[in-house]
Amino acid sequence: GRVTALARVEAPRPRPEPERPPGGAAPGLPARCGVLTLARPLPLELGGALDACRIGWALYGDAALPTVVALGGISAGRHVAAHAADPRPGWWQDFVGAGLGVDTRRFSVLGLDFLGGSGASTGATAPGFPSITTADQAAAIAAVLDHLGIAVAHAVVGSSYGGMVALAFGERFPQRVARLVVISAAHESHPMATALRTLQRRAVRLGIETGRAHEGLAIARGIAMTTYRTAEEFAERFAGAPARTAAGPRFPVEEYLEQRGEAFARAFSPWSFLCLSESIDLHRVDPARITVPTTLVGVDSDTLVPPWQLRALAGSLAGPARLVELRSVFGHDAFLKEVGAVSRTVRAALLAGGES
């Protein structure tokens, strides 16, 4: 591959704040939302097919502008930003809009609900749902682009699981996208990250088997939060002494992990979690087959996708590659928290085509 630039960017290091509560956003961008039902079964990479496959989508902004596909982690979906029909903040609310990282004065933005998830797309709701890969998600994106009459997307911008899907799309459909922007995602899952997710899936399966699926899923999400963030951030936020309760000592970090776990378990199916968590670990693309110009964004404190893995990927891509390494206290979740640094990087990639 040809790495055209390696940039190291230090994001401002503000004191971490609690995550923003849902609700309260004013109606934002104009948006069209729909659910595409495929006329033919969608064949799956690992065998089988999805009959009457549904794909939930939302297109933000002026449809006549070049289209940027925006994809996030497994809990993200088509609700990228607030709009008139749904004023709740979207999963990338601070990054998509007029003058923001993905500037809707220049681009329309397409969000999708992942196959196997808990959105409007065909999801995993019971045992026996087939394995879904990032290549299958890429095929779903292509189907929606066809449905909307979009021959070539200006970019696919993907973070975390969405970054894996972006790479799979670039491998499978290079003629359908002009550039990729891949944040905190690589060509395959690191074995240590797979090990941690394997334990999370065991917790969920144990919860299902014992009639405590909600609790199992909340515990799994709590474990996941310890991999999304960093020891430095946790030390700054949760280093206080435990409170004394009738049940025993309660540590400051416990409430945070329980809140994040409960919120996730209320919104997500345990079967969907198993499906998409497994999909992360099934992810494999061949960098030598990706010719689309690609900007890779890594974070120095990301333990799930360490910077050295992205350096290896950048050197193996067949097309032009630019690697940006951010310094951040937020680890894997920097794509959600480092608004300034990530926005500047994404904006530059979208305007320059991912090359310096």
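Brief notes about the packing of aromatic side chains
Link 1 in the chain: A full pass over the atoms with the stated rule returns nine aromatic pairs.
Link 2 in the chain: Ring geometry for Phe169 and Phe173: centres 5.2 Å apart, planes at 35°, overall tilted.
Link 3 in the chain: Judged by centre distance (5.2 Å) and plane angle (35°), the rings of Phe238 and Tyr256 are tilted. Placement of the pair is Phe238 in helix H5 (residues 231-238) and Tyr256 in helix H6 (residues 252-267), with a sequence separation of 18 residues. Of the two residues, Phe238 and Tyr256, neither departs from the other in class, the shared state being buried.
Link 4 in the chain: Members of the aromatic cluster, joined through ring pairs, are Trp91, Trp92 and Phe95.
Link 5 in the chain: Taking NZ or CZ as reference, Arg237 lies 4.9 Å from the ring centre of Tyr256, over its face.
Link 6 in the chain: The side chain of Lys337 reaches across the aromatic face of Phe330, ending 5.8 Å from its centre.

Some remarks on the pattern of salt bridges
Link 1 in the chain: Under the counting rule described, the total for this entry stands at 17 salt bridges.
Link 2 in the chain: Between Arg78 and Asp113 there is a salt bridge, with the nearest N and O atoms lying 3.4 Å from each other. Pair noted here: Arg78 is in the loop between strand S6 (67-71) and strand S7 (96-97) and Asp113 is in the loop between strand S9 (108-112) and helix H1 (134-148), with a separation of 35 residues, a long-range link.
Link 3 in the chain: Assessed through its relative accessible area of 22%, Arg78 is described here as partly exposed.
Link 4 in the chain: According to the relative accessible area criterion, Asp113 is buried, its value standing at 11%.
Link 5 in the chain: As a salt-bridge pair, Asp86 and Arg88 come within 2.6 Å of each other at their nearest N and O atoms.

Concerning the pairing of S9
Link 1 in the chain: The buried fraction of S9 amounts to five of the five residues, a majority that puts the element mostly inside the structure.
Link 2 in the chain: Burial of the side chains of S9 extends over both faces: Ser108, Leu110 and Leu112 are buried on one face and Val109 and Gly111 on the other.
Link 3 in the chain: Bridging between strand S5 (residues 54-60) and S9 involves four bridges; their strand directions are antiparallel. Bridge pairing links Ala58 to Gly111 in S9.

Here's the deal with the side chain of His283
Link 1 in the chain: With respect to the secondary-structure elements, His283 resides in the loop between helix H7 (270-282) and strand S14 (294-299).
Link 2 in the chain: Within the structure, His283 has its side chain in polar contact with the backbone oxygen of Ala186 (distance 2.9 Å).
Link 3 in the chain: Sequence-distant contacts of His283, defined by excluding residues within four places in its chain, comprise Thr134, Met164, Ala186, His187, Glu188 and Ser189.

Notes on the pairing of S14
Residues in a regular strand point their side chains to alternate faces of the sheet.
Link 1 in the chain: Burial within S14 is extensive, with six of its six residues counted as buried.
Link 2 in the chain: In this sheet, strand S15 (residues 320-327) lies alongside S14 in parallel orientation, the contact comprising six bridges. In the sheet register, Thr295 faces S15, and the bridge partner there is Arg322.
Link 3 in the chain: The parallel pair S14 and S15, bridged by helix H8 (residues 307-316), forms a crossover whose chirality is right-handed.

Cut-off values and rules
Residues numbered from 1 in each chain as written. Predicted model: local features only at pLDDT ≥ 70, side-chain atom pairs only at ≥ 80, totals over all residues. Heavy atoms only, no water. Phe/Tyr/Trp six-rings, centres within 6.5 Å; stacked < 30°, edge-to-face > 60°. Helix = DSSP H or I, 4+ residues; strand = E, 2+ residues; numbered from the N terminus. Buried < 20%, exposed > 50% of the residue type's maximum accessible area, 1.4 Å probe, protein only. Lys NZ or Arg CZ within 6 Å of the ring centre and 35° of its normal. Salt bridge = Lys/Arg side-chain N within 4 Å of Asp/Glu carboxyl O. Pairing = 2+ DSSP bridges. Polar contact = N/O pair within 3.5 Å; in protein donor to acceptor, adjacent residues only side chain to side chain. Contact = heavy atoms within 4.5 Å. Right-handed = clockwise from strand over helix to strand, strands pointing away.

Coordinates in, geometry out; function isn't part of it.
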